[in-house]
Structures are given as structure tokens and as C-alpha cells.
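This is what each chain is made of:
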Amino acid sequence: MLDPVPRPASGLAVRCTRALFSPWSRLSLLLVLLASAASVVLLYEPQRLLSAGWPPQLSGPAAVVLFGVGYGVCTAAFVPRPILNLAAGALFGSQAGLVAAIGGTVLGAGISFTLGRVLGQDALRPLVRGRWLKAADGQLSRHGFRSMLAIRLFPGVPFAAANYCAAVSRMGYLPFLLATGLGSIPNTAAYVVAGSRAGSPTSPAFLIAAGFIVVTGVAAAVVAWTKRHRLRPTRPDSP
């Protein structure tokens, strides 16, 4: 009598692999990573290390590059960019500080975009419903560069929120990174200049930078308020 042929165990392995790499598993991993990053920021406040010029033994271009890398990681972990921009200006001056801040901005946006695209897009795209979400998704998917450029020029949309919204849309990497780099220059430059001239708050450069920050902030608030009323769902007429 022939011995029974053992069933291959590959079926269970395939099912486990599919479950491990399913869209919802990847989304769960993304949420865990983001929660962990936010917890690390709250506990250790890495922005203080950058503000203090860590590591102190480096100087010149090496310090600028290292600051830019740390800036990018911190922005991906939800550290507010204005704090890092002020620190860049205070540590390196206007020119080198702007280079470090813009480089870090693009790096941080790229990290967030990659995480959102790889781990979150497949699970979240089927949930893009409703007037606001469909409008935002369509705008970013069809007119990604100019839409993201406008978002970066007017700092009304939180940096991290814009990164992950773009990742869930069908926007490409290159338009996203180019628009982020170009659109972030004016506002970032204002904060960097303000940080570099913080010791002389009555100087023309500091006053111009501070005025630009206030004006753009007010303009962003006005635009957001206007869009909010335009996108408010219309209620059906009562009989």
C-alpha cells in the first residue's frame, strides 16, 4: 500500500505572506512608524540637538550637510519646520542656512512621500470619497506640480498632511520634489533670515522677514477660510 503523499506546506506560507504584505498590513506598519516617530520627538526633542549645533565637533560644509539630513529626518517625524528654519539661520547664517533648510525640507518630504506611497496608498485610495477628498485627489493627480507648488507657497496646509495626501494621490515623485523645493524657498528663507538676525530684531532684514511671515500666514488663513465656504456641502432644500 502506498504511503500518503504529504501535502505541501506552501499554501500556508503563501497565505501568511499575502496577509503580511496586504495593503492593510502595510498601512498598519505606517501608522506604527508614525506613532513611534511622534513619540520619540515628544520624549527626546531632537530639534534641541539641531538647534544647539549638534554635533559640536563638525563645522563648515560637513555641519551644513549633517544638519540638512537631521532636518529631513525631524520633519518626517513631525518636528515643526519653523523651529528648524530658525535654527538653521542662527547656526549657519542666511545663505548656508537656507541651503541646509531647503535640502532638509526636500529630504523630509521625500521620506514621508515614500512611506505614504509604499505603505499607505493601496489601502487608502479606495477610501477617497466625498467632495473634499475627491477634489483634492483629482487636483493632485492631474495637476500635481502646480497644485503642490501653490500648497508650499501658501503655508496653510500642514507640511506632513500635504506629503501624505500627495503620496495617496497619483502624483509623481519628480513633480512632488521639485514643487516642494521651489515652493518652500520664500517662506523658508524668511524664517532663516529671521533666525540669522535674531540678535538684532530692529534690523531691516529681520523686520522684512518677520513681516513676510505674518503676511503669508494671514493670506493663507484667508484663502483657507474662503475655500472652506466654497467646498461646504450644500444642503438639500427643505420641502
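The structure presented is a predicted model; accordingly, all values stated were derived computationally and were not measured.

**Thoughts on the overall build of the protein**
- Within the protein one finds 11 helices and 0 strands.
- The order of α-helices and β-strands along the protein, N terminus first, is α-α-α-α-α-α-α-α-α-α-α.
- Out of the 239 residues belonging to the protein, those deemed buried represent 34%.
- Considering only intrachain contacts with a sequence separation of at least 6, the fraction spanning at least 24 residues in the protein is 77%.
- As presented, the protein carries roughly 14400 Å² of accessible surface, and 71% of it is formed by carbon and sulfur atoms.

**Looking at the packing of helix H7 (residues 144–153) against helix H9 (residues 173–183)**
- Remark: H7 packs on H9, axes separated minimally by 8 Å, with the N-to-C direction vectors making an angle of 30 degrees. Taken as axis vectors, H7 and H9 run roughly parallel relative to one another. For H7 against H9, the interelement crossing comes out right-handed. Together, Phe145, Met148, Leu149, Arg152 and Leu153 of H7 and Pro175, Phe176, Leu178, Ala179, Thr180, Leu182 and Gly183 of H9 make up the contact between the two elements.
- Considering only residue class, the contact of H7 with H9 consists of 9 nonpolar, 2 polar and 1 charged.

**A look at the side chain of Asn163**
- On the secondary structure map, Asn163 appears in helix H8 (residues 159–168).
- By relative accessible area, Asn163 is classed as buried at 0%.
- Not counting residues up to four positions away in its chain, the partners in contact with Asn163 are Ala109, Ser112, Phe113, Arg152 and Phe176.

**Quick word on the side chain of Ser147**
- Residue placement: Ser147 occurs in helix H7.
- Sequence-distant contacts of Ser147, that is, excluding residues within four places in its chain, are made with Gln139 and Leu140.

Here is what the cut-offs are and how they apply
Residues numbered from 1 in each chain as written. Predicted model: local features only at pLDDT ≥ 70, side-chain atom pairs only at ≥ 80, totals over all residues. Heavy atoms only, no water. Helix = DSSP H or I, 4+ residues; strand = E, 2+ residues; numbered from the N terminus. Buried < 20%, exposed > 50% of the residue type's maximum accessible area, 1.4 Å probe, protein only. Contact = heavy atoms within 4.5 Å. Areas by Shrake-Rupley, 256 points an atom, 1.4 Å probe, with all protein chains shown as cover. Axes fitted to C-alpha atoms, helices over the stretch in contact; angles between N-to-C directions. Parallel < 35°, antiparallel > 145°, perpendicular 65-115°, else oblique. Left-handed = near helix turned anticlockwise from the far one by under 90°. Nonpolar A, V, L, I, M, F, W, Y, C, P; charged D, E, K, R; others polar.

Structural measurements only, silent on function.
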